[in-house]
Amino acid sequence: MSVTYKKLWKLLIDKELKKKEVRISAGISPSTFSKMNRNEYVALEVLDKLCAVLDCDIGDIVEVVKTDSVNSTVSGTVHASK
């Protein structure tokens, strides 16, 4: 599984907010925002800060997506343990 922050970027566009403004308001480092641009995992605290600034829920800014490679590994593990 992996994460995507497409919902966050869309929300910022819809609210006509700039990434830098939101990042500074939430007290998030530039390197953490860079990780989010690459759809990498960040601390739950970061997501909580963004939700507070944007007045939204975590599900409004991040989505967990299934990847085929993980699914095949999980299925292989399940079958191997039988």
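**Student:** Which residues make up the overall build of the protein, and what values do they have?
**Tutor:** Across its full length, the protein holds 5 helices and 2 strands. In the protein, the succession of helices and strands from N to C terminus is β-α-α-α-α-β-α. Here the protein, with 82 residues, has 28% of them falling under the buried criterion. Contacts in the protein between residues far apart in sequence, at least 24 positions, make up 65% of those at least 6 positions apart.

**Student:** Explain helix α1 (residues 6-14) residue by residue, including any values.
**Tutor:** Within the sequence span of α1, burial applies to Leu8, Trp9, Leu11 and Leu12. The arc that holds every buried residue of α1, seen down its axis, measures 160°, which confines them to one face. Of the exposed residues in α1, those oriented more than 90 degrees away from the buried face are Lys6, Lys10 and Ile13. Looking at the packing, one finds that the buried side of α1 touches α2 (19-26), α3 (30-37) and α4 (44-54). With its phi angle positive at about 55°, Glu16 sits one or two positions after the end of α1.

Parameters at a glance
- Every chain is numbered independently, its residues counted from 1 as its sequence is written.
- Totals for whole chains, interfaces and linings use all residues, but because this is a predicted model, local features are given only for residues with pLDDT of at least 70 and pairs of side-chain atoms are given and counted only at 80 or more.
- Derived side-chain values reflect all non-hydrogen atoms in the structure, with water molecules and hydrogen atoms excluded from consideration.
- Helix and strand assignments follow DSSP, with helices taken as H or I runs no shorter than four residues and strands as E runs no shorter than two, numbered in order from the N terminus.
- Per-residue accessibility, obtained with a 1.4 Å probe over protein chains only, is compared with the maximum for each type, and a residue is labelled buried under 20%, exposed over 50%, and partly exposed between these values.
- Contact criterion: two residues are considered in contact whenever any of their non-hydrogen atoms come within 4.5 Å of each other.
- The arc in question is traced by the directions running from the helix axis to the C-beta atoms.

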